[in-house]
Amino acid sequence: MMRSSVIVLFVLTATMSAQDMPLSQVLIPGEGWRAVDPKLTVACITADGEGNLLIAGGKEAPIWLLTKGSLKVFAKKASVTRMCWSPKGYLLTLEKDAIYRRNDNGEVKKLLSEAKFPFDIAVSPTGDIYFTDIAPFPQNPGSRARICIYQVGGDGLPSLIEMEETAGMVFWRDGGTLVIGNPVAGALNAFRVGKDGGLDAEEEYYKLRTRRRSSSKVISLTLDADGRLYAATSEGVQVFDPTGRMCGVINAPTRAPVTALAFAGTARDQMYVVCGGKLYARKTKVKGFVPVAKKAK
Amino acid sequence: MSRAFVWLIGVFVASSLVLAEDTPKPKPKAVYEHGPDSEEQKDVPRGKVTKMPAWTSKVFADTVRDWWVYVPSQYDGKTPACVMVFQDGQWYQQSKGDFRVPTVFDNLIHQGKMPVTIGVFLNPGVVPSAKEGGKGRQNRSFEYDTLSDQYAKFLEKEILPEVAKTYKLRTDAAGRGIGGISSGGICAFTVAWQRPDLFSKVLSHVGSFTNIRGGDVYPGIIRKTEKKPIRCYLQDGTKDLDNLHGNWPLANLQMEAALKFKKYDFKFVMGEGGHNGKHGGVLMPESMEWLWAPEVKK
């Protein structure tokens, strides 16, 4: 009886307080932002399975691979607005009206031509591709914006949910929850991912800090290995624990909004952000999450 | 033994005595022990706690939770009973442990210090993973710490009607109470604040009136809002949390000051404990007697 009481007390105390994840668990005292390469103009970034950073420069610009401190060309010319790394070992890019699959050997494959204006993309730990598009797909012709699923090797585009606006998408580590930025509500909405890939159980799980008379302008999300969620916003990098509670806000390198972020580096402990079109980095105490470590092919 | 040596020992002993006299004695640790109203009594009829089938919610979409219902032996099936809801219900419904609500209710109802009251004990929801071995989404903080009427709506539209299918419940706010610990405490206050037409009695143990999801604004809001018909019993301890979300003792003192400023019907007890249910649990009989006193006098 004594033992069970102790266990109950432990569980109670643990549930009430032990999940606190202050920023002191993330930030290293004295460690600040450093500019990576001031000459680079950056639109978006992502990390590959080995911790190399992929850097896209926007319209008709190269995609760079930052590996062990040096820049290499990954693709000579592209017009990437968003990109993410697939656990299957290739880069997925949104470019104008289509989704492309790119390898570092120069191979490019158009994955989806039905997309009209794809503006965000995430890939599940099993490789399913999710993207947002405002195009009037037949499944729901009247909507203004929606989340659609495109599954590689799948057979269709199941229409899912409607949101007025979306920005930023990321899967939890087990792929069972998809988080989508909802700048209108000033929140990040969590959805359960069903066995068929459908989304339900929507909730404004992460409440963003917003500036008065302004939305948070969240546009990029990532996770660390402990389950913290990081949101690039106009207020800086907002950090949340796995139960949706804010851990804190990491100041932006400059007064410009943070528009993209990713963990990279050999140990995945470097936090990279894009701020005012420039790339910055800082070493942290945490490691970024990567579903499956695979090298670009 | 030389005289000098004896003299030295004498001086040492004397100075030790003086030092002992001057050193302030450490304050004894507060010990909170349950009283007889938290213990099962032989001559007191016992109510029944029933574990209900897991509840799937629509208000908190697709969440699933465990819950229990306590019915006192004095419930006659004809007279509508008062109702008291507890967050983190699993801890409150246990006959052992800190709170021991069923035992406290048995004793106080038997003594006429509490009206016949049905207890509803709700665990926070979880969105189960659709995938085998996947991690469910814990909804406790979202449900408890969010300053909205969603939890009140959940009680109004789902839980209370479900209990009312089997038991006659009072539907007036004076006949309904709600309580909880930590985030469950601020949740209780939020329910009554948002819907004083549904719940009028609030019990908060080490309540999280801090900035987990913006709950630190309550003292300011209370001061600038017309007084609502809410009766509160708040408990906290001087060794409660001081972390990234805020300082619990200060937050609770701010709540006390705001409630006092607006002349609320409330009682605040500051103990010496930390972020746990020890003190609040020992106070459970006193807090229930105080909270339900208006209904007993009727």
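Structure: above.
Rules used throughout
Residues numbered from 1 in each chain as written. Chains lettered and ligands numbered in written order. Predicted model: local features only at pLDDT ≥ 70, side-chain atom pairs only at ≥ 80, totals over all residues. Heavy atoms only, no water. Helix = DSSP H or I, 4+ residues; strand = E, 2+ residues; numbered from the N terminus. Buried < 20%, exposed > 50% of the residue type's maximum accessible area, 1.4 Å probe, protein only. Contact = heavy atoms within 4.5 Å. Areas by Shrake-Rupley, 256 points an atom, 1.4 Å probe, with all protein chains shown as cover. Buried area = accessible area lost by both parts, 1.4 Å probe. Salt bridge = Lys/Arg side-chain N within 4 Å of Asp/Glu carboxyl O. Polar contact = N/O pair within 3.5 Å; in protein donor to acceptor, adjacent residues only side chain to side chain. Pairing = 2+ DSSP bridges.

### Some thoughts on the overall build of chain A
Now for step 1: When you go through chain A residue by residue, the secondary structure sums to 1 helix and 24 strands.
Now for step 2: Taking all 297 residues of chain A together, the buried fraction comes to 56%.
Now for step 3: Within chain A, residue pairs in contact and separated by at least 24 positions form 44% of the contacts whose partners lie at least 6 positions apart.
Now for step 4: Approximately 12800 Å² of chain A is accessible, and the part contributed by carbon and sulfur atoms is 52%.

### Some thoughts on the environment of Val26(A)
All names here are of chain A.
Now for step 1: Examined against the element boundaries, Val-26 turns out to sit in the loop between helix 1 (2–18) and strand 1 (34–35).
Now for step 2: Given a relative accessible area of 1%, Val-26 falls into the buried group.
Now for step 3: Taking the C-alpha atoms as reference points, Val-26 and Lys-287, separated by 261 residues in sequence, lie 9.2 Å from one another.
Now for step 4: When near neighbours in sequence (up to four residues on either side) are disregarded, Val-26 contacts Arg-228, Tyr-230, Ile-250, Thr-284, Lys-285 and Val-286.

### Here we look at the environment of Asp48(A)
Residues and elements named next belong to chain A.
Now for step 1: Here Asp-48 is to be found in the loop between strand 2 (44–47) and strand 3 (53–56).
Now for step 2: Separated by 242 residues in the primary sequence, Asp-48 and Val-290 place their C-alpha atoms 8.2 Å from one another.
Now for step 3: Setting aside anything within four residues of it in sequence, one finds Asp-48 in contact with Leu-54, Leu-65, Trp-85 and Arg-268.

### So, the interface of chain B and chain A
Now for step 1: Every contact between the two is made by 34 residues of chain B and, on the other side, 36 residues of chain A.
Now for step 2: For the pair chain B and chain A, the summed buried surface comes to about 2800 Å²; carbon and sulfur atoms form 58% of the total.
Now for step 3: On the chain B side of the contact with chain A, Trp91(B), Lys131(B) and Arg137(B) bury the most area, a combined 24% of that side's loss.
Now for step 4: Glu203(A) is the partner of Arg137(B) in a salt bridge, and the nearest nitrogen-oxygen pair spans 3.3 Å.
Now for step 5: Across the contact surface, chain B and chain A share 14 residue pairs in polar contact (both at pLDDT 80 or more).

### Overview of the environment of Lys228(B)
Residues and elements named next belong to chain B.
Now for step 1: You can see Lys-228 is positioned in the loop between helix 7 (218–223) and strand 9 (231–237).
Now for step 2: Remark: the alpha-carbon pair of Lys-228 and Lys-262, spanning 34 residues in sequence, is separated by 9.5 Å.
Now for step 3: In contact with Lys-228, not counting residues within four places along its chain, are Trp-193, Pro-196 and Tyr-264.

### Regarding the pattern of salt bridges
All names here are of chain B.
Now for step 1: What the rule picks out here adds up to 24 salt bridges over all chains.
Now for step 2: In this structure, the salt-bridge partner of Glu-156 is Arg-195, at a minimum N-O distance of 2.9 Å. Of this pair, Glu-156 sits in helix 5 (residues 150–164) while Arg-195 sits in the loop between helix 6 (183–194) and strand 8 (201–205); the two residues are 39 residues apart in sequence, bridging distant segments of the chain.
Now for step 3: Each member of the salt-bridge network shares a partner with another, and the members are Arg-170, Asp-172, Lys-201 and Glu-295.

### Focus: the pairing of strand 16 (residues 187–193) of chain A
All names here are of chain A.
Now for step 1: The element strand 16 is largely enclosed, with a buried count of 7 among its 7 residues.
Now for step 2: Burial along strand 16 is two-sided: Ala-187, Asn-189, Phe-191 and Val-193 facing one way and Leu-188, Ala-190 and Arg-192 facing the other are all buried.
Now for step 3: In terms of strand pairing, strand 15 (residues 177–182) meets strand 16 through 6 bridges, oriented antiparallel. Bridged to Leu-178 within strand 16 is Phe-191.

### Section: the side chain of Asp120(A)
Residue and element names in this part refer to chain A.
Now for step 1: Looking at the secondary structure, you find Asp-120 in strand 10 (residues 118–123).
Now for step 2: A polar atom in the side chain of Asp-120 sits 2.3 Å from the backbone nitrogen of Gly-168.
Now for step 3: In contact with Asp-120, not counting residues within four places along its chain, are Arg-82, Leu-94, Tyr-130, Phe-131, Thr-132, Ala-167, Gly-168, Met-169 and Ile-219.

These figures capture arrangement, not role.
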